[in-house]
Amino acid sequence: MNCTIYLFGEFGHGVTSSVNDYTKNIFEEFISKANAPTQIIIHRSEAIMNYGYVRQITDNHLFGICVQINGQYMATTKKLFTAFENIIANIAVRGDILYLNKKGDLEATISHFTDKPEEVENAVVNCMTEISKLSPTCKSLPDIDFSTTDCDINLFNENDNSQTIINTSVKNGYTFIYKEQDYDTLALSGYRSTLYSLNKENEDYKKKVKELEKEQRILKREKKQMGVVIVLFIALFVGSIIFFNTIEEKNEDIANKQETIERQKVEKDNLIEEKDEILNKNTQLQNRNADLTIKQESTRKELENIKYEHDKLKIEHERLKTVYKSKEQENAFYKTEISSLTSKNRRLESKLDEAQKDLTQKDAAYKILLEKYDRTCQQLTTMENTYYSTKEGKKAIRKYSK
């Protein structure tokens, strides 16, 4: 089979092709006549058969492949669709010219084919490999039927009679074969599904991070409230000292209240010791919380890095599987490479599980510290209530209420 393969498309900057020659006019015709998600457009020019495949991608852009065969025609349409769809899947998995975006839709990475000449050449070689599989279906071109004109247009659906389509395609004019659905290979569909799942998983992780950040803000507010409580406690303590000084100035009450004063002093010392213990515990809780916050951020970043590496390895794994199918002579090499990548993927998944378990343990430790903090606050409240239940405490309340 004597054939030449071209890539062409329209990516928002006019028609572009892998080769700038007379064929550009043919590609412009193919693009101007394309009006379905995917179609094959066949046009005969004397002894040359042009088989064009045009695929709609994002932003109403178009990507096309043209196979020119000299002196022969293809006696198949089903296999031709399959060949073109395999080529699209291979190009999308490589990601050099086309790629699947986060929504799972095909999108171009280039504005013109001259942007990446080496990648375009590799894609053309892959196309040649796929199209060459159809060489057994090629037959010699019959003489031109002059009863038809070059302006004739014949429209078919992929499910129409194949022989009728083939007989029409070797005449003058354009033959359109439309395909409205199921134009992705199983590999490309699986790749799109995997990409969607990974993006959804990534969004779930982002939501979890936001929830942790919200809990962290709540904890900071609780810390501020604890500071206010400590300030109030110190104010009460200073007030008690002023109160005792006032008692001492009243000489007439010294004899009657000396015993009470001594007892209050002992209680005061006990309260001071308890206050110091509470302050120390609070400082320890704050330091512990700061450490947990740092470890939490570190774990989150580690999770992101592992996720990123995991995504790259999955994409690389799928790419190697596709290349393995198209190059049987390198079968042994790619089996070894896929096995290695699979092992790395499992190790990363294991690390991801360990990081998740570590995060769960840290969350549990944080909850324990929070419970200790709540118990400490309750103890402080109990001590305040104990103080105000004493005679001196009650007098202090009456004094300040006046």
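Up top you'll find the structure we're talking about.
The structure reproduced in this document is the subject of the present report. (Residues numbered from 1 in each chain as written. Predicted model: local features only at pLDDT ≥ 70, side-chain atom pairs only at ≥ 80, totals over all residues. Heavy atoms only, no water.)

**As for a positive patch on the surface**
Next, step 1: A contiguous patch of positive charge, built from Lys214, Arg217, Lys220 and Arg221, is present on the exposed surface.
Next, step 2: With respect to the helices and strands, the residue Arg221 is situated in helix 5 (residues 186–249). (Patch = residues over 30% accessible without salt bridge, like charges linked within 9 Å, V, L, I, M, F, W, Y side chains within 5 Å. Areas by Shrake-Rupley, 256 points an atom, 1.4 Å probe, with all protein chains shown as cover. Salt bridge = Lys/Arg side-chain N within 4 Å of Asp/Glu carboxyl O. Lys, Arg positive; Asp, Glu negative; His and termini not counted. Charge placed at Lys NZ, Arg CZ, Asp CG, Glu CD. Helix = DSSP H or I, 4+ residues; strand = E, 2+ residues; numbered from the N terminus.)

**A closer look at the nonpolar core**
Next, step 1: If you look at the biggest cluster of nonpolar residues, it comprises 44 residues, and the most contacted ones within it are Leu7, Phe63 and Ile97.
Next, step 2: Of the residues forming this core, the biggest block, eight residues, is contributed by helix 2 (residues 78–94).
Next, step 3: Apart from residues no more than four positions distant in its own chain, Ile97 is found in contact with Leu7, Phe63, Ile91, Glu107, Ala108, Thr109, Ile110, Phe113, Glu119, Val120 and Ala123.
Next, step 4: Ranked by size, the runner-up nonpolar core spans 15 residues in total, among them Phe27, Phe30, Ala34 and Tyr174. (Core = buried A, V, L, I, M, F, W, Y, C linked by side-chain atoms within 4.5 Å. Buried < 20%, exposed > 50% of the residue type's maximum accessible area, 1.4 Å probe, protein only. Contact = heavy atoms within 4.5 Å.)

**A closer look at the packing of aromatic side chains**
Next, step 1: Considering all chains together, one arrives at eight aromatic pairs under this definition.
Next, step 2: When the centroid spacing of 4.6 Å and the interplanar angle of 0 degrees are considered together, the rings of Phe8 and Phe27 count as stacked. Here Phe27 lies in helix 1 (residues 23–33) and Phe8 lies in strand 1 (residues 3–10), a separation of 19 residues in the sequence. By the burial criterion, Phe8 is buried, and Phe27 matches it.
Next, step 3: Their ring planes at 45 degrees and their centres at 6.3 Å tell us that Phe63 and Phe113 sit as a pair that is tilted. In this pair, Phe63 is assigned in strand 5 (residues 62–70) and Phe113 in the loop between strand 8 (106–108) and helix 3 (117–132), connecting sequence segments 50 residues apart. The exposure classification of Phe63 matches that of Phe113, with both residues buried.
Next, step 4: Among the aromatic residues, those joined into a ring-pair cluster are Tyr6, Phe8, Phe27 and Phe30.
Next, step 5: Cation over ring: Lys33 sits above Tyr174, and NZ or CZ is 4.7 Å from the ring centre.
Next, step 6: Here the guanidinium or amino end of Lys179 rests over the ring plane of Phe81, the centre of that ring lying 5.3 Å away. (Phe/Tyr/Trp six-rings, centres within 6.5 Å; stacked < 30°, edge-to-face > 60°. Lys NZ or Arg CZ within 6 Å of the ring centre and 35° of its normal.)

**Details of helix 4 (residues 162–169)**
Every α-helix winds through 3.6 residues per turn, so residues three or four apart in the chain are directed the same way.
Next, step 1: Within helix 4 the residues assigned to the buried category are Ile165, Ile166, Thr168 and Ser169. Projected onto a plane normal to the axis of helix 4, the buried residues spread over an arc of 165 degrees and lie on a single side.
Next, step 2: Against strand 3 (38–45), strand 4 (48–56), strand 6 (72–74), strand 10 (153–157) and strand 11 (174–179) lie the buried residues of helix 4. (Arc of directions from axis to C-beta.)

**A short note on the environment of Met74**
Next, step 1: Topologically, Met74 is positioned in strand 6.
Next, step 2: In this structure Met74 comes out as buried when scored by relative accessible area, which is 1%.
Next, step 3: Between the C-alpha atom of Met74 and that of Ile166, which follows or precedes it by 92 residues, the distance is 7.7 Å.
Next, step 4: In contact with Met74, not counting residues within four places along its chain, are Met1, Tyr51, Val67, Ile69, Leu80, Ile131, Leu134, Thr137, Cys138 and Ile166.

**Here we look at the pairing of strand 3**
Next, step 1: Among the eight residues of strand 3, seven are classified as buried, and the element is accordingly described as predominantly covered.
Next, step 2: Relative to strand 4, strand 3 runs antiparallel, the two sharing eight bridges. Each bridged residue has a counterpart across the sheet, and for Ile42 the counterpart in strand 4 is Tyr51.
Next, step 3: Note: strand 3 against strand 11, six bridges, orientation antiparallel. Looking across to strand 11, one finds that Thr38 is bridged to Lys179. (Pairing = 2+ DSSP bridges.)

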